Amino acid sequence: MVGFRKTSDQVRTSQVRESTSDKLLENLPRLSDLLKREPIQVEKLIAEAIRTKGIRNILSELDKVLRGLGDVALDLLSSLAIGRHVLIMGPVGVGKTTLAETIADILAISDPPYIEVACHSHMTATELTGDIDIAVALQAGLDHPLAFIPGPLVMAHGKILILDEINRLNPYSQAALLQALQEHYVFIRGFRIRSDFIVIATSNPAEYSGVYELSEALADRMKVIEINYPDRDVLRSILEWKSNSLLEHLGTKVPDFMVEIVTTYLMLLVQDANIEVGPSIRSAIYALANAMSRAWIEGREASIEHLKRSLIENMVSTVRGNFSSEQEKKDYLLKKFDEALLIAKKMFKK
Ligand SMILES: Nc1ncnc2c1ncn2[C@@H]1O[C@H](COP(=O)(O)OP(=O)(O)O)[C@@H](O)[C@H]1O
Ligand SMILES: [Mg+2]
């Protein structure tokens, strides 16, 4: 019989669970509350956050995460402060998403500090707006907290809305977003819900395939800010800093010479007329750290051969250019690595 009786611990756990789920339900917005929403001037909240934190502090906080993007950040903040939505453009792995998230985190105008959507091509308009669950509404009434599941466009009221890789949104979802931006209302089955938010969107340039064009009307509502590839010195310091921080718990470090090789290699590729889409900084950071963790596991010195392999295996899929086949691209990338190695050796001897 004992087996059927709940222990006092089990009773307590289930009571806690019930009260937690009650609390969760209590915290979910009800349709009637959403319909009573007051407008919020998000740009005022942002301006106030900039004023109280001070731009110097904001930039030094950012510098703990991203290097060399101070000017871009000033551009971004000056737009947000007047309520202008921003579109951060740039190649893969230059820090677009990190910049959007870090700035929103630092400003912290709301709790949570931002709502983020990872945009994709199959995203429906109702995934952005939210929808009424007819079955729940019929049984428990329209105002039951589970009868209306709000989407990110509704949840972002009074917040920053990060739309990551916005260029992946299909035209239907773009239209839903445009309507919310234009009218400050989200329309759901005839209900009109106020929603004021400021968008920080990120996007890859048009030469990337598998993406939609951003509609002119939508693009027109955003200030475009470009992140370019960093210059040589900044790039070297990013590679050194970030790869070593991945290795900290292993108690190993990337030798300066390897950082020099990868920096030289990336700069060669970025300036190469045959290459349209350059290598990602992220993949270079991981390639450096990977070559070292491989050496650490095997208990030996780092090998340039491993570095080369780990760099190029990753880059073949992201770098785009004038090549007739993947093999041709790979051979080209290998050849360029050997060039970079020679240059780095010469520079290192100096
Ligand atoms: N300027 C930079 N300073 C420091 N780290 C950077 C910089 N640019 C890129 N990185 C590194 O590369 C990673 C990729 O950044 P991410 O924001 O995902 O790029 P994107 O969104 O442009 O593809 C970051 O987590 C960071 O470690
Ligand atoms: Mg990104």
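Residues numbered from 1 in each chain as written. Chains lettered and ligands numbered in written order. Predicted model: local features only at pLDDT ≥ 70, side-chain atom pairs only at ≥ 80, totals over all residues. Heavy atoms only, no water.

**Comments concerning a nonpolar patch on the surface**
Inference 1: Residues Leu28, Leu146 and Ile149 make up a contiguous nonpolar surface patch of about 230 Å² in total accessible area.
Inference 2: Relative to the assigned elements, Leu28 resides in the loop between helix H1 (8-27) and helix H2 (31-35). (Patch = residues over 30% accessible without salt bridge, like charges linked within 9 Å, V, L, I, M, F, W, Y side chains within 5 Å. Areas by Shrake-Rupley, 256 points an atom, 1.4 Å probe, with all protein chains shown as cover. Salt bridge = Lys/Arg side-chain N within 4 Å of Asp/Glu carboxyl O. Helix = DSSP H or I, 4+ residues; strand = E, 2+ residues; numbered from the N terminus.)

**Description of the domain arrangement of the protein**
Inference 1: Domains assigned within the protein are domain 1 (30-226) and domain 2 (232-349).
Inference 2: Relative placement of domain 1 and domain 2: their C-alpha centres are 35 Å apart.
Inference 3: The interface is formed by twelve residues belonging to domain 1 together with eleven residues belonging to domain 2.
Inference 4: Applying the counting criterion to the domain 1 and domain 2 interface returns zero salt bridges.
Inference 5: Our count for the contact surface shared by domain 1 and domain 2 stands at one residue pair in polar contact (both at pLDDT 80 or more). (Domains from an automatic or database assignment. Contact = heavy atoms within 4.5 Å. Polar contact = N/O pair within 3.5 Å; in protein donor to acceptor, adjacent residues only side chain to side chain.)

**Quick word on the packing of helix H13 (residues 256-270) against helix H15 (residues 304-318)**
Inference 1: With their axes 11 Å apart at the nearest point, H13 and H15 run at an angle of 35° to one another. Viewed along their axes, H13 and H15 form a crossing whose handedness is right-handed. Listed contacts from H15 to Phe257, Met258, Ile261, Val262, Tyr265, Leu266 and Leu269 of H13 are Ile304, Leu307, Leu311, Ile312 and Met315. (Axes fitted to C-alpha atoms, helices over the stretch in contact; angles between N-to-C directions. Left-handed = near helix turned anticlockwise from the far one by under 90°.)

**Details of the site of ligand 1**
Inference 1: What surrounds ligand 1 is a group of 17 residues, the closest being Gly93, Lys96, Thr97, Thr98 and Arg282.
Inference 2: Gly93 places a main-chain nitrogen or oxygen 2.7 Å from an oxygen atom of ligand 1.
Inference 3: Between an oxygen atom of ligand 1 and a side-chain N or O atom of Thr98, the distance comes to 2.5 Å.
Inference 4: Against a free-state accessible area of 570 Å², the protein chains account for coverage of 87% of ligand 1.
Inference 5: Judged by the proximity of its atoms to the pocket grid, ligand 1 belongs to the largest pocket.
Inference 6: Of all elements in the fold, only helix H6 (96-107), helix H12 (232-247) and helix H14 (281-298) reach the threshold of two or more residues within the shell around ligand 1. (Near = heavy atom within 4 Å. 1 Å grid on protein atoms, 1.4 Å probe; cavity = no way out; pocket = protein on both sides within 12 Å on 5 of 7 lines; lining within 4 Å. Sits in = over half its atoms within 2 Å of the grid points.)

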